[in-house]
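# Observations on the three-dimensional arrangement
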Amino acid sequence: MGVISSRGRKHIDGQKHLTASNEIINITNKDVIGKIYIPIVGPNGADMEVLVNDGDQVKVGTKLAIRKDFGIPEYSPVSGKVIGKENRYHCSIGRPVQHLVIENDFKDEKTKNPSMIVPLEASRQEIIDAIKEAGIVGLGGAGFPTYVKYNGVEGIETILINGIECEPYLTTDYRIMKDKCELMLLGIQYLIKAANAQTAVIAIKKGKKELKEKIEEVLAKYPNVSLREVSDVYPMGWERTLIHEVFKKDYDRLPAEIGVIVNNAQTAISVADALINGNPITHRCITVSGDAIARPANVIVPVGTVAGLIIKELGGYTKEDVNVLAGGPMTSKGLMNDTFAITYCTGGITVMERRYYKTEPCLRCGSCIKHCPASIQPVNIMNAVKAKDNKRLEELETNRCIECGLCSFVCPSKIEVTDFVKKGKLQLKIAAMKKNIKK
Ligand code: SF4
Ligand code: SF4
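Summarised in this report is the structure supplied together with it. (Residues numbered from 1 in each chain as written. Chains lettered and ligands numbered in written order. Predicted model: local features only at pLDDT ≥ 70, side-chain atom pairs only at ≥ 80, totals over all residues. Heavy atoms only, no water.)

### A word on the environment of P373
Formally: The numbering of helices and of strands both runs from the N terminus, where a helix is a DSSP run of H or I of at least 4 residues and a strand a run of E of at least 2.
Within the fold, P373 resides in the loop between α10 (367-371) and α11 (378-386). Residues P373 and R400, 27 residues apart in the sequence, show an inter-C-alpha distance of 10.0 Å.

The structure is reproduced here in structure tokens:
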């Protein structure tokens, strides 16, 4: 099914200059990372089996829990003591969930897991198993377990490394790719082997001169990897748009259908760090930016650090009335407060001054349709939602929406069209659940 068209793209002022060229700050302040909060549900709400008890001593790398759906472990980001559980808002699940609370003793004692370290000469399955054991998940946002993309998949020719980071304000991938370019290329070699593929392509946006030069310098040693620059339009980082741009191909359900597996650039780095150095993901580099934070920066913090404390460390808010977003401004919803802990999937925190717009009636201008990258009809979906017409929502293929936010962004009447489309998806989900219950 061909669902991509070149119409659904728009250049957006990325405001990347706020953080792109600054040094990454390693946050070590004891007031910020003194207590760490690890959710004991997966990013999709999946249950976890908890492996530690209150009072247990842990080290950096102690296995804390295992996700029951995919069997991947979660490791302690700090050394210290488990002091209990606490209900805390989870930014991607959108409700409070139980978190393990770990008191950091700042001794930074580490434990290594030998089954996670494998040489590049290991078998394909040994590499996939090690990626699973390291708990590597897609660091581009969704937190999907990386090993699942590789396990038992045949016919893969190319690994596509997504270094696009198309959300405004976020520059984490850019900075980390530049700083850890060699490690990224090593991780890519493991991914090529895990897929039994021949080549890899690293995709970055046009205009990233320094990053391009850095990658080209390292690429000289890796003839099976090439660099591809793509247009600076939104949402180029979406898997389907990127694949279409690079390979001029569409697919139905998964990129594997056309011989491609896509991984985020930071995921490739994490693979190398785990399989070579024995380090599971315990820390995250995140961009903290926006128009209402004192000192925008890229920071490294242990996973589980509270967002509000990171913001305070960077000088706090510069406006009274702000929107705190877990991620970039196009796809993230404003949160109730800043008490959430950052997770493996949090790519950034954007702090924006809250603006109140007067919504005008729809002009029937068609701009939302013209820009939709999924080639669906946001305005007509909105009308079907208002009419509670589920049949029409199905006809309009509402579920193909990727929640990119572009229809709201381009609407001259300031209508939150994306919210209506999301509501349409929810309406269809509830209807399907009711139908299943009746069966
Ligand atoms: S949010 Fe959904 S409907 Fe709106 S432009 Fe993006 S993909 Fe299309
Ligand atoms: S962009 Fe806004 S005003 Fe134009 S058709 Fe879509 S909803 Fe209506």
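### Considerations on empty space enclosed by the protein
Where we set the bar: The pocket and cavity definitions rest on a 1 Å grid over protein atoms only: a 1.4 Å probe that fits but cannot leave marks a cavity, an open set with protein on both sides within 12 Å along at least five of seven lines marks a pocket, and residues lining either have an atom within 4 Å of a point. Grid points are joined across faces, edges and corners, and a volume is the space filled by probe spheres set on the points.
What the rule picks out here adds up to three cavities of 30 Å³ or more. Space inside the largest cavity adds up to approximately 180 Å³. Together, 19 residues line the largest cavity, and P43, M48, E74, V137 and Y344 are the ones closest to its centre. Of the residues forming the lining of the largest cavity, the biggest block, three residues, is contributed by strand β6 (residues 73-75).

### Looking at the packing of aromatic side chains
What counts is decided by this rule: Stacked, tilted and edge-to-face are the three classes applied to pairs of Phe, Tyr and Trp rings, where Trp contributes its six-membered ring and a pair requires centres within 6.5 Å; stacked means planes under 30 degrees apart, edge-to-face means over 60, and tilted covers the rest. Counting as a charge over the ring demands two things of the Lys NZ or Arg CZ atom: a distance within 6 Å of the ring centre and an angle within 35 degrees of the ring normal.
Applying the stated criterion across every chain yields a total of one aromatic pair. Relative to F144, the ring of F70 lies with its centre 5.5 Å away and its plane at 75°, an arrangement referred to as edge-to-face. Separated by 74 residues along the polypeptide, F70 in the loop between β5 (63-67) and β6 and F144 in the loop between α2 (124-133) and α3 (146-150) bring together distant segments of the chain. Taking the ring centre of Y37 as reference, the NZ or CZ of R88 above it sits at 3.9 Å.

### Digging into the sheet that holds strand β10 (residues 199-205)
Rule in force here: We call two strands paired when DSSP finds no fewer than two bridges between them. To get an axis, a line is fitted to the C-alpha atoms, and for a helix only the part in contact is used. The angle between two axes follows their N-to-C directions and goes from 0 to 180 degrees. Two residues form a contact once any of their heavy atoms are found within 4.5 Å.
Read across the sheet, four strands follow the order β11-β10-β9-β12 without closing on themselves; strand pairing throughout is parallel. At either margin of the open sheet sits one strand with a lone partner, and together these are β11 (225-230) and β12 (260-264). Neighbour to neighbour, the strand axes of the sheet diverge by 25° on average, direction disregarded. Examined bridge by bridge, strand β9 (residues 158-162) and β12 share five bridges and lie parallel to one another. If you follow L160 over to β12, its bridge partner there is V262. In the packing of helix α7 (residues 239-247) onto the sheet, the strands contacted are β9, β10, β11 and β12, and the crossing angle to β9 comes to about 120°.

### A closer look at the side chain of K16
Inclusion rule: Relative accessibility under 20% of the residue-type maximum defines a buried residue, over 50% an exposed one, and the middle range a partly exposed one, all with a 1.4 Å probe and only protein chains included. Working convention for charge: Lys and Arg count positive, Asp and Glu count negative, and His plus the chain ends are omitted. Throughout this description, the term salt bridge denotes a Lys or Arg side-chain nitrogen within 4 Å of a carboxyl oxygen of Asp or Glu. In the analysis that follows, any N or O atom pair within 3.5 Å is treated as a polar contact, provided that within protein one partner can donate a hydrogen and the other can accept it, and provided that, for residues neighboring in sequence, both atoms belong to side chains.
For K16, the position within the fold is in the segment before β1 (25-26). E165 provides the closest opposite charge to the buried, salt-bridge-free K16, at an N-O distance of 4.9 Å. Side-chain polar atoms of K16 contact the backbone oxygen of E165, separated by 2.7 Å. Once residues within four sequence positions are removed from consideration, K16 is found in contact with E165, C166, E167, Y169, L170, T171 and K205.

### What to know about the pairing of β9
Burial analysis of β9 places five of its five residues in the buried class, the great majority of the element. Sheet topology places β9 next to β10; five bridges connect them, and they run parallel. Bridge assignment links N162 to a residue of β10, and that residue is A203.

### Notes on the site of ligand 2
Basically, it comes down to this: Near is defined per residue: the residue qualifies when any heavy atom it owns lies within 4 Å of the molecule or strand. Residues are grouped as follows: nonpolar covers Ala, Val, Leu, Ile, Met, Phe, Trp, Tyr, Cys and Pro; charged covers Asp, Glu, Lys and Arg; every other residue, Gly included, is treated as polar.
Surrounding ligand 2, one finds C362, L363, R364, C365, G366, S367, C368, V379, C411, P412, S413 and V417. Classifying every residue of the shell around ligand 2 by side-chain character gives eight nonpolar, three polar and one charged.

### Here we look at the nonpolar core
Generally speaking, soluble globular proteins have nonpolar side chains that are buried together. To keep it simple, the criterion reads: Nonpolar core, defined: a set of buried Ala, Val, Leu, Ile, Met, Phe, Trp, Tyr and Cys residues in which side-chain atoms within 4.5 Å join the residues together.
Among the nonpolar cores identified, the biggest contains 90 residues, and I159, M184, L185, I188, I202, I310 and I349 are the most heavily contacted of them. Counting residues per element, this core draws most heavily on helix α5 (residues 181-195), which supplies 10 residues. Among all residues touching L185, those that are not within four sequence positions of it are I202, V218, L219, Y222 and V225. Among the nonpolar cores identified, the runner-up in size contains 20 residues, and V201, Y251, M330 and L406 belong to it.

### Here we look at the site of ligand 1
Taken together, 13 residues form the shell around ligand 1, and within it C372, C401, C404, G405 and C407 come nearest. Taken together, the elements giving at least two residues each to the shell around ligand 1 come down to α13 (406-410) and α14 (417-438). Of the residues that constitute the shell around ligand 1, the class distribution is 10 nonpolar, two polar and one charged.

### Observations regarding the layout of surface pockets
To locate leftover empty space, one rolls a probe as large as a water molecule over the atoms. Taken as a whole, the second largest pocket encloses approximately 1200 Å³ of empty space. Lining the second largest pocket are 32 residues; nearest its centre among them are N323, P329, Y357, S408 and E416. Of all the elements in the fold, those that place two or more residues in the lining of the second largest pocket are β15 (322-326), β16 (348-353), α13 and α14. No other element matches the three residues that α14 contributes to the lining of the second largest pocket. Here the residues of the lining of the second largest pocket sort into 13 nonpolar, nine polar and 10 charged.

### Remarks on α7
Most of α7 sits out of view: seven of its nine residues are buried. For α7, every residue scored as buried is listed here: R240, T241, L242, I243, H244, E245 and V246. Looking at the buried side of α7, the elements it contacts are β9, β10, β11 and β12. Of the residues trailing α7, K248 is marked for its positive phi of about 55°.

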